[in-house]
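Chain by chain, the residues:
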Amino acid sequence: MTLILLALGTSVSAQVLRVRSGEHDGYTRLVIQVPAGTDWVMTPNERGADLNIAIKGATFDTGTVFDRLTSKRLQSLTQASSGGALKMVFGCECVATAFLHQQTMVVVDISPGKFIPVAVPKIDVVTDLHPDIAKQAPPPVQIPATALALPLLQMSHRNFEDELISRILQSADREVIDLTLAGVGRRQSARFGPLRTSSAQAPNLRLSSVLDDARGLENLALPDFDAKFECITDAEMDFDSWAGPEPFVEQVAQLRTGLFQEIDRLDQEKALNLAKLYTYYGFGAEALQVLDLLPGPTAEQQRISAMASTLDGLTASEPHSFEGQQSCESAAALWALLAEEKLAPEAQLNIIEQAFNRLPEHLRRQLGSTLADLLATTGRLEAARRILRSVDRVMTAETADVTLTKATIADAEGNAHTASAHLTEVIATPSASREAPLALARLIEKRWADRGSIPPKDLDLAAGYAREFRNSELGPMMARTHVLALSMSQEFDGAMHHIQKAPDDKDWRRTRDQVLQLLAERADDITFLRYIFGLKEKTRINLSLDTATSVAQRLINLGFASAAREWTDPLGDQNHAIERARIRARSALLSDHPRQALLELSEDPSDDARVLRAQALARVQNFYAAVELLRETGQIEAADRLSWLAGTNEIDAEDSNVFSDLNRIKISLDQPIERQSDKPLADAKTLIKESANARAQISDMLEIVQTGGLN
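It should be emphasised that the depicted structure is a prediction, and the values quoted were computed from it without experimental measurement.

Sorry, what's going on with the overall build of the protein chain here?
Counting its regular elements, the protein chain contains 31 helices and 11 strands. Per-residue burial for the protein chain yields a buried fraction of 38% across its 711 residues. Within the protein chain, contacts between residues separated by at least 24 positions form 55% of all contacts whose residues are at least 6 apart in sequence. If you sum the accessible surface of the protein chain, you get close to 41500 Å²; carbon and sulfur atoms cover 52% of it.

Explain the sheet that holds strand β6 (residues 74-79) here, please?
Pairing between the strands of a sheet is mediated by backbone hydrogen bonds and can be parallel or antiparallel. The four strands lie next to each other as β3-β4-β7-β6, forming an open sheet whose pairing is antiparallel. Each of the sheet's edge strands pairs with one partner strand only, and the pair in question is β3 (40-44) and β6. Strand-to-strand twist of the sheet, defined as the mean angle between neighbouring strand axes without regard to direction, takes the value 15°. The sheet contact formed by β6 and strand β7 (residues 86-90) spans five bridges and is antiparallel. Paired with threonine 78 across the two strands is lysine 87, which belongs to β7.

Got a minute to help me understand the sheet that holds strand β9 (residues 105-112) in this structure?
Reading across the sheet, the five strands line up as β5-β1-β2-β9-β8 and stay open at both edges, with mixed pairing between neighbours. If you trace the sheet from one side to the other, it starts and ends with β5 (59-61) and β8 (94-101), each paired once. Looking at each pair of strands side by side, their axes are set apart by 25° on average, direction ignored. With six bridges connecting them, strand β2 (residues 27-33) and β9 associate as antiparallel partners.

Sorry if this is basic, but what is going on with the pattern of salt bridges here?
Side chains carrying opposite charge are able to pair once their charged atoms draw close together. Scanning the entire structure with this criterion turns up 20 salt bridges. Here glutamate 382 makes a salt bridge to arginine 385, at a shortest N to O gap of 2.9 Å. Linking glutamate 382 with arginine 385, this pair stays in helix α13 (residues 381-392), spanning three residues, or about one helical turn. By relative accessible area, which is 40% here, glutamate 382 ends up partly exposed. The exposure class assigned to arginine 385 is partly exposed, which follows from its relative accessible area of 26%. Here the salt bridges share partners, and the residues they tie into one network are Glu382, Arg385 and Arg389.

Is there a simple way to explain the packing of helix α7 (residues 268-280) against helix α8 (residues 284-291) in this structure?
To describe two helices that pack against each other, one gives the angle between their axes and the distance between the axes. With their axes 8 Å apart at the nearest point, α7 and α8 run at an angle of 165° to one another. When the interaxial angle is binned, α7 and α8 end up roughly antiparallel. Regarding α7 and α8, the two cross each other, and that crossing is left-handed. Judged by residue contacts, Ala271, Leu274, Ala275, Tyr278 and Thr279 of α7 engage Glu286, Ala287, Val290 and Leu291 from α8.

I'm lost on helix α20 (residues 506-522) in this one. Help?
Each α-helix turn comprises 3.6 residues. Residues three or four places apart therefore point the same way. Spanning 17 residues, α20 covers 25 Å between terminal C-alpha atoms, matching the ideal 24 Å at 1.5 Å per step. When α20 is considered as a whole, its buried residues turn out to be Trp508, Thr511, Arg512, Asp513, Gln514, Val515, Leu516, Gln517, Leu518, Leu519 and Ala520. Looking at the buried side of α20, the elements it contacts are α16 (435-449), α18 (475-488), α19 (492-501), α21 (525-532), α22 (537-541) and α23 (545-557).

Sorry if this is basic, but what is going on with unusual backbone geometry here?
Keep in mind that most residues, glycine aside, have a negative phi and that most peptide bonds are trans. A positive phi angle, close to 55°, is found at glutamate 341, a residue other than glycine. Position of glutamate 341 among the secondary structure elements: in the loop between α10 (332-340) and α11 (349-357). With relative accessibility at 53%, the residue glutamate 341 sits in the exposed group. The phi dihedral of glutamine 490 is positive, around 65°, even though this residue is not glycine.

Please clarify how the side chain of glutamine 517 should be interpreted in this entry.
Position of glutamine 517 relative to the elements: it lies in helix α20. At 3.1 Å, the side chain of glutamine 517 and the side chain of threonine 547 are in polar contact. Beyond its immediate sequence surroundings of up to four residues, glutamine 517 is in contact with Trp448, Arg451, Ser544, Asp546, Thr547 and Ser550.

Cut-offs applied
- Residues numbered from 1 in each chain as written.
- Predicted model: local features only at pLDDT ≥ 70, side-chain atom pairs only at ≥ 80, totals over all residues.
- Heavy atoms only, no water.
- Helix = DSSP H or I, 4+ residues; strand = E, 2+ residues; numbered from the N terminus.
- Buried < 20%, exposed > 50% of the residue type's maximum accessible area, 1.4 Å probe, protein only.
- Contact = heavy atoms within 4.5 Å.
- Areas by Shrake-Rupley, 256 points an atom, 1.4 Å probe, with all protein chains shown as cover.
- Pairing = 2+ DSSP bridges.
- Axes fitted to C-alpha atoms, helices over the stretch in contact; angles between N-to-C directions.
- Salt bridge = Lys/Arg side-chain N within 4 Å of Asp/Glu carboxyl O.
- Parallel < 35°, antiparallel > 145°, perpendicular 65-115°, else oblique.
- Left-handed = near helix turned anticlockwise from the far one by under 90°.
- Expected span 1.5 Å × (residues − 1).
- Polar contact = N/O pair within 3.5 Å; in protein donor to acceptor, adjacent residues only side chain to side chain.

Here it is in structure tokens:
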């Protein structure tokens, strides 16, 4: 028992101090949030600095510091033990300065500079600091003015001026002082000593502190972290007190009975409590109706409204009360994520999960799938699984929305088979009145991405959902799903009929692109040409580049060079510029413009471009260069064929293909016969033998031509 209490005491006293970072022009900034009134000390050294925070057992969270740093001024951040100093190691010749901002933020700026050690008189250590901190570095104390002269005596006049100018410029960079340069003119030189004011002296520096003009403080360039929203604490929300121990119906009856007083005057306190009760039990629409009875919205009413909208899947009013709260260490982080429907980079994921687990069971069942789906879509798969496990513990049977979320997680993991199985399970669930059409839409979209097919029953189901939900918010999505299902079943007549009547919005343009890509890939030639040449100019221009490229490639294969070129005109997308130039080169070759094809391929180093360039070079009868390009891409047989047809004799004898065999026979036939003029009979015998060999080789050549498909 003693050990348990000791562990609890240690966990309470320990505090995690998050270190945030930012890159600025000329310096790197670190910010550590501390409680107001906390003592701290920063001790610079030759290669870095040590920062001590007077909090017992404090640890520094530096996990995200280097995500935003690019200048390499800060090399590493370490802490030897809990409560120890935060050791900064610089990656450049830099110096660090620190100041306290708004009594709760220790700001450390790291900028290029030379470290100058300063001799400090021996002083007593302040006893109210933590012993570990006191051992590492003494805190700054008030030093008598007479003591300040001691280290300065060790500096020369020039060194003192350099140090002073360095400090002035450094303070100007930090906007601690305002520096104004006056015009250059005659000045009276003075020896090093006390500053003197003289009418004859015209100094070229005027220094002013920000404290000299308090009214100008609002114009200071404050760091970015000042713009953060104030967190809503759990004590401020007090969500657990929104419902009592009595049954829900009894609490509602009590509040509704006294909702209106005499002369129909609204009891605002009971109305607010009724809205809280509805929200606590997950009735968002009812809570919003009660809030509409209350006069001008207060901060509490706005919080309830945002939570009620989230419960019923409605869009919260902008700006909502939980804006920017995902980084808070309270339940507000959970409601902020649900309201914004997007996980922020600074979100406290552990706090969000803990807040979800503290919700009552009925809210965990209601919000679990939504929260897990949000986490899964942002790549936080393990967190999404933990949320679903928490939901499974309070559910007697798995619901369709949970199964749909499991399909999302499986899809994010790349497990296509499991995702399809979960979606099919949701579609077959009789009680999934809303989830089933969503699952069908996702299943058909997934099969389109995989270039698969759909069974006739799914096509009939998509048609039924499109008709059933035509007047609901799901109507447009199900209509697009039906059109996509038609095209995947190769019923392009029906799909194009719906496409031509569809509105020209963003979602329908995407569906039109998907249908036309399938049309280019799967339709027969007549169907493809009929619909492609029937498209309006405006429709063709608004198509995506992927779709235009697919259509142009099909037109090239069918021999429509000029039409393909119209589909591949540059539209400003550099990601597809090379691919579209390649299609324009094929179009130029089909149109017998080889030099235009060479121009289109001038910036394409790919092997496909080399093959096209070789074809263009062969058209202009530059056979030697064409053969070299084909050999570079490894197409030896194509190179040998071109060399054979051109008669360049550049065929490698070691290759084994039709043209190398023909070339070997050709070389053999070209060999001269050694005649023997002094021996007529021997010469005649040799001629007869060589003639027989020549006839045999010619027969071999004819056989090679026939078997090789060259006749």
